[in-house]
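Summary of the model geometry
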Amino acid sequence: TPRVPCFIGACNDPRELGVIKTPDAPEGMITGVTYFIPYKKRFDIILSLFPGTKSVALLVQQGHPGGPIEQAGTREECARHGIAYKEVVASNLNELRSKTRSLGKVDLYIITNTALVMDNVVNLLPIANASKTPIFSYADKPVKSGAVAGIAADDGKLGGMLAELVVDVIVKGKPVSEVPVKMDPDPRLTINEGMMRSLGLQFPKSVLKTAKILK
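Here we summarise the structure given alongside this text. (Residues numbered from 1 in each chain as written. Predicted model: local features only at pLDDT ≥ 70, side-chain atom pairs only at ≥ 80, totals over all residues. Heavy atoms only, no water.)

Regarding the sheet that holds strand β1 (residues 6–8)
Taken in spatial order, the three strands make up an open sheet running β1-β2-β8, and their pairing is parallel. Unpaired on one side and paired on the other, β1 and β8 (182–183) mark the two borders of the sheet. Pairing analysis gives two bridges linking strand β2 (residues 30–34) to β8, with the strands arranged parallel. Its bridge partner lying in β8, threonine 34 is registered against methionine 183. Sitting on the sheet, helix α7 (residues 155–171) is in contact with β1, β2 and β8, with an inclination near 165 degrees to β2. (Pairing = 2+ DSSP bridges. Helix = DSSP H or I, 4+ residues; strand = E, 2+ residues; numbered from the N terminus. Contact = heavy atoms within 4.5 Å. Axes fitted to C-alpha atoms, helices over the stretch in contact; angles between N-to-C directions.)

A word on the nonpolar core
Ranked by internal contacts, the top residues of the largest apolar core, which has 52 residues, are Leu49, Phe136 and Leu189. One finds Ala153, Leu165, Val176 and Val179 within the second-largest nonpolar core, a separate group that totals eight residues. (Core = buried A, V, L, I, M, F, W, Y, C linked by side-chain atoms within 4.5 Å. Buried < 20%, exposed > 50% of the residue type's maximum accessible area, 1.4 Å probe, protein only.)

Here we look at the sheet that holds strand β10 (residues 212–214)
Ordered by their spatial adjacency, seven strands build an open sheet running β4-β3-β5-β6-β7-β9-β10, and the pairing between neighbours is mixed. The sheet is open, and its two borders are formed by β4 (84–90) and β10, each paired with just one other strand. Pairs of neighbouring strands in the sheet enclose a mean axial angle of 20 degrees, with direction left out of account. Of the pairings in the sheet, the one linking strand β3 (residues 55–61) to strand β5 (residues 108–111) comprises four bridges and is parallel in character.

A word on the packing of helix α1 (residues 39–49) against helix α2 (residues 67–81)
Across the interface, α1 lies against α2 with an axial gap of 10 Å and an inter-helix angle of 55 degrees. As judged from the angle between their axes, α1 and α2 are oblique. Viewed along their axes, α1 and α2 form a crossing whose handedness is right-handed. Residues Tyr39, Lys40, Arg42, Phe43 and Leu47 of α1 touch α2, and the partners they reach there are Ile69, Glu70, Gly73, Thr74, Glu77, Cys78, Arg80 and His81. Broken down by class, the residue content of the contact of α1 with α2 amounts to five nonpolar, three polar and five charged. (Parallel < 35°, antiparallel > 145°, perpendicular 65-115°, else oblique. Left-handed = near helix turned anticlockwise from the far one by under 90°. Nonpolar A, V, L, I, M, F, W, Y, C, P; charged D, E, K, R; others polar.)

The quantities given are spatial measurements derived from coordinates; they are silent on function.
Right under this line is the structure:
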């Protein structure tokens, strides 16, 4: 409950984190930008890349504050699309690998925006490659490590939006309640071309045209 305007520069969904109850009309002195991407948009992208997906496994770091948000959002979208949902919740690398290996066959692994999982894509690749299961990421960093594709808000774009919010409140004198929290309306898709080819995948040309391609 700050007395002066405060601006969020980077966080998950501020509503889910309990910071702001109404992002469209902030009720206190806090507004800003979020790198959160609505789960409907995430699954629109997932199903455009992997249209035959019938089952997914979500990989999550135990105890990470973003974990329950990722789990709930992914589970809800899977239910909406009739996709079987599995999850691995792990506190260390050995547990992450053993639980992932024991899951059985799924159509897609999803890497959450949690440190243990994002930082260990290389250690998960032998499991994924053995079953020819693609890895999709809720962040772009794991794409460099071997995820076939990932989505992320554009930090540069969010920085510009944040500056606009500061100007609206501090310079123009708008009440914080009239300055909604902003998110990237068109998140960046990154594709690992080598992994795509090694898995024998073919993504739509319209998607490839707008994505960032890692050779």
